[in-house]
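Structure at a glance
These are the residues of each chain, in order.
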Amino acid sequence: MTTPIRVRFAPSPTGFLHIGGVRTALFNWLFARHYGGSFILRIEDTDEKRYVADAVTDLLASLRWIGIDWDEGPEKGGPHAPYVQSERHALGIYRQYVDQLLAHGHAYKSFVSNEELERMRAEAMARGLKSFRFRGPERDWTPEQVAAAEAQGLPYTVRLKVPLEGVTSFQDLVRGGEQINVNNADLYDIVLLKSSGMPVYHLAHLIDDHLMQISHVIRGEEWVPSTPYHVLLYAALGWTAPIFAHVPNILRQDGRGKLSKRKDDVATNRFWERGYLPEAMFNYLALQGWSYDDHTEIMTRTEIIERFSIERVQPSPARWNPEKLQDMNGIYIRKLTVTEVTERILPFLQQAELVSTPVTPTERAYVEQLVPLIHERLEELGEAPDLLDFFFRDVSFPDPTLLIPKKMDTPTTAAALRAAIERLTPLTDWSEATLEQTLRALIAESGLKPGQLFSAIRVAITGRTVAPPLFATLAALGQQRSLERMRAAVATLE
RNA sequence: GCCCCCAUAGUCUAGUGGCCCAGGACGUCACCCUUUCAAGGUGAAGAUCGCGGGUUCGAAUCCCGCUGGGGGUACCA
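First, a word on what this report is: a plain description of the structure on this page. (Residues numbered from 1 in each chain as written. Chains lettered and ligands numbered in written order. Predicted model: local features only at pLDDT ≥ 70, side-chain atom pairs only at ≥ 80, totals over all residues. Heavy atoms only, no water.)

1. Focus on the overall build of chain A
Each helix and strand in chain A was counted, giving 20 helices and 11 strands. Its C-alpha atoms give chain A a radius of gyration of 32 Å, clearly above 23 Å, the size a compact globule of 494 residues would have. Principal axes of the C-alpha set define a box for chain A whose edges measure 105 × 55 × 40 Å. Looking at chain A residue by residue over its 494 residues, the buried ones come to 49%. In chain A, the proportion of contacts linking residues at least 24 apart, taken out of those at least 6 apart, comes to 74%. Element-wise, carbon and sulfur atoms account for 52% of the exposed surface of chain A, whose accessible area totals about 23,500 Å². One way to put it: in chain A the 54 positive side-chain charges average out to a point 3 Å from where the 63 negative ones average out. (Helix = DSSP H or I, 4+ residues; strand = E, 2+ residues; numbered from the N terminus. Rg over C-alpha atoms; globule rule 2.2 N^0.38 Å. Buried < 20%, exposed > 50% of the residue type's maximum accessible area, 1.4 Å probe, protein only. Contact = heavy atoms within 4.5 Å. Areas by Shrake-Rupley, 256 points an atom, 1.4 Å probe, with all protein chains shown as cover. Lys, Arg positive; Asp, Glu negative; His and termini not counted. Charge placed at Lys NZ, Arg CZ, Asp CG, Glu CD.)

See below:
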């Protein structure tokens, strides 16, 4: 029989979830969905010091936003509940395994205090030792010595008794199943249980992975160096280790280091705030370290699930490339219908106070009318308010020279605008087609270049030199407001 | 310092011994379309496949060394 595929994403709630974390979650999720396995979400909050209160809420929201759902985990439950380590610790789940390790001589109680540890480290440094690898003196203590120390009520940690010699090896799916070998002499006796009695990551995650029957551990490559400890621990506990796959980190844009929560603008919530589509982010992130073939990039969720394979994940780290993401977001926005874009930009327009909250039916209809003018110009939905601003607010000309097109001056520009006003005022049909016809006729008669006339009118009605197509803009703005703005422009020129 | 991982254009990647004097995408530039900006179309520049040695009739692809980058080195995860 084959063991069922079960993977997990196990973040620690120490702050917002950044896109690197989402990418790791995504690969796990894709792996599970591809093979029809289970994706488990587990919160690893064994670090009491770094715990951030709202982090879990943010984390769940980030995953849900991009479309990652979990089969077992917080707010969902499952056969291995609870899925929060502090709760599991409270239930006493970990302690029995520590006792087992102690009893079998695979771990020992260490009474060395933090201060002593510091001193030992400093001493080793002073002696010019190449590196400090802690091996507690208690490794070889007799039961009597241990009992004596305990009788004194000394606080202790439980450390793994790592072999002094030999080699620890494991394979990694991302590295083509390559064997990674580490000399035990390069390892040290890691802490398994803190003096507070709280298990450390290495112990807790491993017990949970075993209990939750995780078949594949897919995690960031920063875990490669500690995997030998995990291998040793599995053996000490008499358990079979899962299959490991370490996915590369996402590096900062300049390549200097991995993405950091503090220095980089990569919090997942920042992307929905700026108007990124979850499907675009999903597609982009799937391509950070994984590819399908030599030319396919735009793929639906279903296609990515079908095509995903962990063997095709790159071992080398990728750099964060916001330009590529933005381009992809534009592609996804252009695929949306006008109604969909309307719905999605409404919140941004409300935030900019261009429309009211809740939006009125009239406003919604007007926005829907405007969307075609900016649809293909949007790369982030958050750009919409700026692009549409002049449809909702009056324009002004702090710099009247903006009104004057190339190769023209104040009098000729004013004259051109006056001529346009004269032609447009009597119009009874304010449609895009009629507007174009009328203004082109004016050009033919006046001898002006299209760019000159259109440019002057554009600035007059929008207050800017770059704007959506002129006739559609005039049509959407309406006859009265268009003419008022053109007259105002003429006035500022005079 | 020590240990581990990685290495194809500025960036993301295809490539697993001959189909590759290296394909796709982002970015850049040019032209077309065009009232501006986009979008779209066409095209261009950009990689001695990090460097040096091997193995082989033949290497981006296999091996070794070096260099560079990244990660780890906590009673953090």
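So much for the structure itself; the text now carries on.
2. A word on helix H1 (residues 19-35)
Taking 1.5 Å of rise per residue, 17 residues should cover 24 Å, and H1 covers 24 Å from first to last C-alpha, within 8% of that figure. By the criterion of burial, H1 is predominantly enclosed, with 14 of the 17 residues buried. (Expected span 1.5 Å × (residues − 1).)

3. Observations regarding the side chain of His18
Tracing the chain through its elements places His18 in the loop between strand E1 (6-9) and H1. There is a polar contact of 2.8 Å between the side chain of His18 and the backbone nitrogen of Gly20. The contact partners of His18, leaving out residues within four places of it in the chain, are Leu259, Lys261, Val266, Ala267 and Thr268. (Polar contact = N/O pair within 3.5 Å; in protein donor to acceptor, adjacent residues only side chain to side chain.)

4. Some remarks on the sheet that holds strand E4 (residues 157-160)
What links the strands of a sheet is backbone hydrogen bonding, and the strands pair in either a parallel or an antiparallel sense. Taken together, the three strands give an open sheet; going across it, the order is E3-E4-E7, and neighbouring strands pair in antiparallel fashion. Looking along the sheet, the strands with just one partner apiece sit at the ends: strand E3 (107-110) and strand E7 (191-193). Between one strand axis and the next, the sheet turns through 45° on average, direction left out of account. Inspection of the sheet shows E4 paired to E7 by two bridges, in the antiparallel sense. Within E7, the residue paired with Val158 across the bridge is Leu193. (Pairing = 2+ DSSP bridges. Axes fitted to C-alpha atoms, helices over the stretch in contact; angles between N-to-C directions.)

5. Comments concerning the nonpolar core
Taken as a class, soluble globular proteins show a tendency for nonpolar side chains to be buried jointly. Within the largest apolar cluster, 109 residues are counted, with the highest numbers of intra-cluster contacts made by Leu30, Ile345, Leu439 and Ile457. At nine residues, the largest contribution of residues to this core is made by H1. If near-sequence neighbours (up to four positions away) are discounted, Ile345 is found in contact with Val367, Val371, Ile374, Leu378, Leu381, Ala384 and Leu388. Counting residues in hydrophobic clusters, the runner-up holds 33 residues, among them Ile93, Leu160, Phe170 and Val231. (Core = buried A, V, L, I, M, F, W, Y, C linked by side-chain atoms within 4.5 Å.)

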